Structure formats: C-alpha cells, structure tokens
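Here is how the chains run, residue by residue.
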Amino acid sequence: MFGDSLTTSPSYASLLAWRLNVATFTEVATGGWTSTNLLTAVQATPPTVGHSVVLIGANDVLNGVAAATIEANLTAIAATMDDPHFVCILPCGNHASWSAGKEAVRVAVNTWIKANLPLYTDAEAILGDSHPTQPVLRAQYDSGDGLHINGSGDLVLAEAIFNQGYGSVALA
C-alpha cells in the first residue's frame, strides 16, 4: 500500500490486506507525503509486490502543486508497479484550508486518473457528499478534519477497492 497519512495503518490498507487474506503487507506511506515524496521512495526501492494500491495527492493539492506535476508523478509511480490500483483524491471541501482553486486541481487530477489509469476507485463517489462547488466527505466517514476518513470510511474504501480490483465478495 502506497500513499500518505490516509494509507498509514490502521487504515483502509489494513482492512484491504485482511480482505485479501494477506498476513503482512508492505506499507510505503507517511503522513504529509506528496506524490513527489512517494515517487522518490518507489524509485529508490521499486515495489516487488503483486497488489499495489496508491492513494496520494491530497497533500500536493494542499501545498499548491500543479495538476500537471501531480499527474506526471502518478504516471512515473505507475511505471514502477505491475497493474497498480489508484484511488482518486478524496473530497476535501470541508477542510479548513480548502479553496475553489484547490478543488479545481483535485478535480483535474481525478479526471486525469479516470481517463489514464486502468484500475482506480473513485473515492468521491463512495465517500463524498456532493456539493455544487466543493464536494465534502460524508459526515459518517469524516474523522472531523474534513481530510481524513474514520474507521467507517476505511471499511467502505477497502470494500470498494476490493470489489473493483480484487474480487466481488463484500466485507462482512
């Protein structure tokens, strides 16, 4: 599992590993990481795992990184993996520092992911609460900061990734 604080255990990653019946899994994730940090890590030590899930990009957007830079990093990250499964950037419209400009970058990157990466989960579709200008995490999945999901959100995300990429049996 590859990403930022949304991926660090315990998270959807732990639940997905359990669902895949994997006793242990590689976690290359650190809170605060951007796509550049993750790219540096996977280029230094290319993944040798069969199932790769990547959730990265919210910190890029929060730090003002351009969509084109994030997309280039995601392309390079994908090139280091066999059939990676990407998770679109979660909706963050209720995060304290979110803005219309940041939302435009998030939407652009997610649109690019859907058009260019064959395996992906649309996190907004399953965890988001539509809002015309700034979609937000649904209250039942929001940890309270408008950016991170709680245990219920982790479960829903793990099930969606499993169903879209690895099987068709729902989590119990």
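Counting restarts for each chain, with residues numbered from 1 along the sequence as it is written. Per-residue local features are limited, in this predicted model, to residues with pLDDT of at least 70; the limit for side-chain atom pairs, both in listing and counting, is 80 or more; totals at the level of whole chains, interfaces and linings are taken over all residues. Each side-chain value is derived from all of the structure's non-hydrogen atoms; neither hydrogens nor water enter the calculation.

## Some words on the packing of aromatic side chains
1) Next: By convention, a stacked pair of Phe, Tyr or Trp rings (six-membered ring in the case of Trp) has centres within 6.5 Å and planes under 30 degrees apart, an edge-to-face pair has planes over 60 apart, and any other such pair is tilted. The full count for this structure, using the stated rule, is zero aromatic pairs.
2) Next: Cation over ring: R19 sits above F162, and NZ or CZ is 4.2 Å from the ring centre. Any Lys NZ or Arg CZ found within 6 Å of a ring centre and within 35 degrees of that ring's normal is scored as a charge over the ring.

## Quick word on the confidence of the model for the protein
1) Next: Scored by pLDDT, the protein comes out at a mean of 90, with 96% of its residues at no less than 70.
2) Next: Note on residues 168-172: pLDDT under 50 across the span, and 13 contacts to partners over four residues away in sequence or across chains. For every residue, the predictor states its confidence as a pLDDT score lying anywhere from 0 to 100. For this analysis, residues touch if any pair of their heavy atoms sits within 4.5 Å.

## Digging into the side chain of E103
1) Next: Labels follow the DSSP assignment, with helices taken as runs of H or I lasting at least four residues and strands as runs of E lasting at least two, numbered in each case from the N terminus. With respect to the helices, strands and loops of the structure, E103 is situated in helix α5 (residues 100-116).
2) Next: A residue is classified by how much of its surface remains accessible, and E103, at 4% relative accessible area, is buried.
3) Next: Among residues more than four places away in sequence, those in contact with E103 are W98, T133, Q134 and P135. Classification of residues uses two cut-offs on accessible area relative to the type maximum, computed with a 1.4 Å probe and protein chains only: under 20% is buried, over 50% is exposed, and between them is partly exposed.

## Comments concerning helix α2 (residues 35-44)
1) Next: Of the positions making up α2, those classed as buried are S35, L38, L39 and V42. What you see down the axis of α2 is that its buried residues fit within an arc of 100°, all on one side. Summarising the geometry of α2, the exposed residues directed more than 90 degrees from the buried face are T40 and A44.
2) Next: Looking at the buried residues of α2, the elements they touch are β1 (2-3), β2 (28-29), β3 (53-55), α3 (58-62) and α4 (67-79). When we speak of the arc, we mean the arc of directions from the helix axis to the C-beta atoms.

## Considering unusual backbone geometry
1) Next: Not every positive phi belongs to a glycine, and N21 is a case in point at roughly 60°.
2) Next: Along the chain, N21 turns up in the loop between α1 (12-19) and β2.
3) Next: With a phi close to 45°, D83 is a non-glycine residue in the positive phi region.
4) Next: Looking at the element boundaries, D83 is found in the loop between α4 and β4 (85-87).
5) Next: Taking relative accessible area as the criterion, D83 reaches 63% and is therefore assigned exposed.

## Description of the nonpolar core
1) Next: Membership of the largest hydrophobic core comes to 27 residues, with the highest contact counts inside it found for L38, V54, L74, I77, F86, V109 and I113.
2) Next: Looking at this core, the elements with two or more residues in it are α2, α3, α4 and α5.
3) Next: Considering each element in turn, this core owes the most residues, five residues, to α4.
4) Next: Not counting residues within four places of it along the chain, the set of residues in contact with V109 comprises A67, I70, E71, L74 and I89.
5) Next: By nonpolar core is meant a set of buried Ala, Val, Leu, Ile, Met, Phe, Trp, Tyr and Cys residues that side-chain atoms within 4.5 Å join together. Judged by nonpolar contacts, the second largest core, of 19 residues, contains M1, Y12, L127 and I149.

## Description of the sheet that holds strand β5 (residues 120-121)
1) Next: Within the open sheet, the five strands sit side by side as β2-β1-β3-β4-β5. Their pairing is parallel. Taken across any chain shown, the strands that pair with only one partner, and hence form the sheet edges, are β2 and β5.
2) Next: Taken together, the two bridges between β1 and β2 define a ladder with parallel strand orientation. Residue pairing across strands places G3 opposite A29, the latter belonging to β2. A pair of strands counts as paired when DSSP detects no fewer than two bridges linking them.

## Quick notes on the environment of G165
1) Next: The topology assignment puts G165 in helix α7 (residues 151-165).
2) Next: Taking the C-alpha atoms as reference, G165 lies 10.0 Å from F86; in sequence the two are 79 residues apart.

## So, the pattern of salt bridges
1) Next: Salt bridge, as applied in this entry: a Lys or Arg side-chain nitrogen positioned within 4 Å of an Asp or Glu carboxyl oxygen. Scanning the model with the defined rule gives three salt bridges in all.
2) Next: R106 serves as the salt-bridge partner of E103, at 2.7 Å between the closest nitrogen and oxygen. Here E103 and its partner R106 are both found in helix α5, three residues apart, which amounts to about one turn of the helix.
3) Next: Looking at R106, the relative accessible area reads 0%, which means it is buried.
4) Next: In this structure, the salt-bridge partner of K114 is D122, at a minimum N-O distance of 2.9 Å.

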